[in-house]
Amino acid sequence: QVPEVVVEDGKPALRFDGGSYVTMPKEAFPRGSFTLEFEIKPDPGQDAYVLFRHFGQILGSVTLFVEGDELKLAFGDREQVKAHDFPSGLQIERGQWSRVVVSYDLASFRFQVGDRVSTAPTPRRLLALYFRPGIFGGHDKVEFGLPTGARYYSGLMRDLVIRHW
């Protein structure tokens, strides 16, 4: 199901209903360094939900999700064929707009929610498992870091940018 296009605060946004999602071709998300940036306004009542996955039948690299209002990331490692978990320590407020920026420079992850920033070094240079499509808002297959009970995203999203650095 496709998210509805709405206007909020004079800007267009996508309304995800807890069952809708957007897929991007596999070329949209890199296997190496990246920056993923967007604004979200999550609906109340969600404990664990998926924001973005680099995923097909199996994980490509990134699972970005919120659990207990904390932004978290799991990264599928090609060398060990497992997921490494990177909690950001940053909170996403339900019912409020938050600008989220997540980047990876092949040495560490940098998380930003609004003005708050945290970094997480990687144990070594992590390489993506596979070249897969990008998915925003959905795909709740529980593997490679996604917690049991995580649901599709419900809320608004706007200004999605994916950079290959």
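Residues numbered from 1 in each chain as written. Predicted model: local features only at pLDDT ≥ 70, side-chain atom pairs only at ≥ 80, totals over all residues. Heavy atoms only, no water.

## Overview of the overall build of the protein
A tally of helices and strands in the protein yields zero helices and 13 strands. What you see in the protein, going N to C, is helices and strands ordered as β-β-β-β-β-β-β-β-β-β-β-β-β. Taken across its 165 residues, the protein has 47% of its residues classed as buried. Long-range pairs, those at least 24 residues apart, make up 65% of the contacts in the protein with a sequence separation of at least 6. Counting every atom, the protein has about 7,600 Å² of accessible surface; 49% of that belongs to carbon and sulfur. (Helix = DSSP H or I, 4+ residues; strand = E, 2+ residues; numbered from the N terminus. Buried < 20%, exposed > 50% of the residue type's maximum accessible area, 1.4 Å probe, protein only. Contact = heavy atoms within 4.5 Å. Areas by Shrake-Rupley, 256 points an atom, 1.4 Å probe, with all protein chains shown as cover.)

## What about the sheet that holds strand β2 (residues 11–17)?
What the seven strands build is an open sheet, ordered β1-β2-β13-β4-β9-β10-β11; its pairing is antiparallel. With one partner strand each, in any of the chains shown, β1 (4–8) and β11 (116–121) form the two edges of the open sheet. Across the sheet, the mean angle separating the axes of adjacent strands is 30° when strand polarity is ignored. Sheet analysis places strand β4 (residues 34–42) next to strand β9 (residues 98–104), joined by seven bridges and oriented antiparallel. (Pairing = 2+ DSSP bridges. Axes fitted to C-alpha atoms, helices over the stretch in contact; angles between N-to-C directions.)

## Considering the pattern of salt bridges
Counted according to the given criterion, the structure contains eight salt bridges. Its salt-bridge partner being Glu8, residue Lys41 comes within 2.5 Å of it at the nearest N-O pair. One end of the pair, Lys41, is in strand β4; the other, Glu8, is in strand β1, with 33 residues separating them in the sequence. We classify Lys41 as partly exposed; its relative accessible area is 22%. Here Glu39 makes a salt bridge to Arg158, at a shortest N to O gap of 3.3 Å. (Salt bridge = Lys/Arg side-chain N within 4 Å of Asp/Glu carboxyl O.)

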